[in-house]
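These are the residues of each chain, in order.
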Amino acid sequence: MDNDRLTIFTSAACNNNCVFCSDRKPDLSFKNAAWLTPEGFLKQSKKIESLDSMLFTTCEPTLNKNLTNFIKLAKQKGYKHICLQTNGRLLSYGSYVDELVKAGLTEVNISIHGSSKKIHEALTRTPNGYAQTVQGLKNIVALKDIFRLKVNTCSTLTKLNYKNIYFLIKMLLAFEKIDCIILNTLMYAGNADKFFNQLFVSYSELAKEFKKAIDKLKRSYGDKKELPIKIETMPFCLMGGYENYVGIPETPYYIKNKEKTMLHRSSATTKTPICSPCRHYKLCSGIDVTYAEKIGWLELAPIK
Ligand SMILES: C[S@@+](CC[C@H](N)C(=O)[O-])C[C@H]1O[C@@H](n2cnc3c(N)ncnc32)[C@H](O)[C@@H]1O
Ligand code: SF4
C-alpha cells in the first residue's frame, strides 16, 4: 500500500453498528454536510501534486449515493490509486461492484472481524451482515485479475475475537488473492472507549496469540511462504522474531480550507517514557493514548 493518501470523508451514516467503532459518535449533525455532495467533493479533493492516492472512508462510504461519481472525478483529476474502505455489505450486489470498478476504483479494503457469523456479528451488532460482507469479498476477488485490483481485508482485534486470529487468517488465506490481511489493534476512542472493559485486551496477550497463529500457519503453509499479514499499531518490542509482520501506518491527509492537512492519527498513539532508548523508536507507532492512561506501559521492554 502507498504510504501517503488523501482521505475523503465520504459518509455520515453506517449500516453496521460496531461495538468498537471509533467513527460512531452520537453527534451526526454533519449528516447533510456539503462535503458529501459532488460540489463538496471537488473542494475537498483538489489534486495535490505530491499525492497519487485517494481513500474513500468514514462511516460507511458505500451509503453515499455519489460514490461512483466521486471515483470518476478522482480518476479525471489524475489520481492513480483510488481506494475504498468498506464493511463490504453493499458489495454483495454484483452490479454495484461492477459500477465502482468500471468508474476507476483500484483498491478495496473490506472489514471482516471473524471467521464465523457469530463472532463477526457479535462485534458489528448487525444480524445477517456477515453473509453480505463475505459475498462482497467474493465479488471483488472475482474481479481482481480482470481489473488488476488490490484487495485487502481489515479486522479489528478485541477481547471478543482475538482468540479467533488463526481461524480468521486461515479463512482469508483460502481466498488466495488477498494482497494483505490487515489486523488492527484497538484505538480506544468512540465506542471502544465507552465499552473499554468489554473490549480490552493487552498488547502482550495479542502478541502471544498472533505469534501462536503465525507459527501454526507456517506449519501448514511451509516456512518459505511469505504470509501477507500485517498487524497495525503493535509495539515492536513485543514482537521479537515477528517484526516483519508489524505494519507501518500510512500518512493520511485531508483538505481543510483548501490546504493539505495531516490527519493527526498519531495523536491517538503515544511513545512512553521508557521508549526513548529503543532501537525501534522511529518506526514504532507506540501505544494507544487511552490504553497508556488506563493500563500503563509496564509490559513494554525497549530493545537496546
Ligand atoms: C471506521 S471504519 C469506516 C469504513 C467502513 N465502515 C469499514 O468498516 O471498513 C474503518 C476501519 O476502522 C476500523 N475501526 C473502527 N473502529 C476502530 C477502533 N476503535 N480501533 C481500531 N480500528 C477501528 C474498522 O474496523 C474499519 O476496518
Ligand atoms: S467500523 Fe465501519 S462498519 Fe463498523 S460501525 Fe464503524 S463505520 Fe460502520
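Before any of the text, the structure's been laid out above.
Predicted, not measured: the structure shown is a model, and the values here were computed from it.

1. Considerations on the side chain of Arg89
Phase 1: For Arg89, the position within the fold is in the loop between β3 (81-86) and α3 (94-103).
Phase 2: A polar side-chain atom of Arg89 sits 2.6 Å from a polar atom in the side chain of Gln132.
Phase 3: If near-sequence neighbours (up to four positions away) are discounted, Arg89 is found in contact with Asn15, Asn16, Thr126, Gly129, Gln132 and Thr133.

2. Observations concerning empty space enclosed by the protein
Phase 1: Applying the stated rule across the entire model yields two cavities of 30 Å³ or more.
Phase 2: Each pocket or cavity is described by its volume, and for the largest cavity that value is around 120 Å³.
Phase 3: As for the largest cavity, its lining consists of 14 residues, of which Pro235, Cys237, Cys275, Cys278 and Cys284 are closest to the centre.
Phase 4: Of the residues assigned to the lining of the largest cavity, the class counts are 11 nonpolar, two polar and one charged.
Phase 5: In this structure, the second largest cavity spans a volume of roughly 30 Å³.
Phase 6: If you trace the second largest cavity, you find it lined by Leu157, Thr185, Leu186, Tyr188, Val201, Tyr203, Leu206 and Tyr291.
Phase 7: Within the lining of the second largest cavity, the residues separate by chemical class into seven nonpolar, one polar and no charged.

3. Some remarks on the site of ligand 1
Phase 1: Taken together, 18 residues are adjacent to ligand 1, and Phe20, Cys59, Ser111, Thr156 and Met187 come closest.
Phase 2: Burial of ligand 1 by the protein chains amounts to 91% of its free accessible area of 540 Å².
Phase 3: Mapped by element, the contributors of at least two residues to the shell around ligand 1 are β3 and β5 (150-156).
Phase 4: For the shell around ligand 1, the per-class residue count stands at seven nonpolar, nine polar and two charged.

Cut-off values and rules
- Residues numbered from 1 in each chain as written.
- Chains lettered and ligands numbered in written order.
- Predicted model: local features only at pLDDT ≥ 70, side-chain atom pairs only at ≥ 80, totals over all residues.
- Heavy atoms only, no water.
- Helix = DSSP H or I, 4+ residues; strand = E, 2+ residues; numbered from the N terminus.
- Polar contact = N/O pair within 3.5 Å; in protein donor to acceptor, adjacent residues only side chain to side chain.
- Contact = heavy atoms within 4.5 Å.
- 1 Å grid on protein atoms, 1.4 Å probe; cavity = no way out; pocket = protein on both sides within 12 Å on 5 of 7 lines; lining within 4 Å.
- Points joined across faces, edges and corners; volume = space filled by probe spheres on them.
- Nonpolar A, V, L, I, M, F, W, Y, C, P; charged D, E, K, R; others polar.
- Near = heavy atom within 4 Å.
- Areas by Shrake-Rupley, 256 points an atom, 1.4 Å probe, with all protein chains shown as cover.

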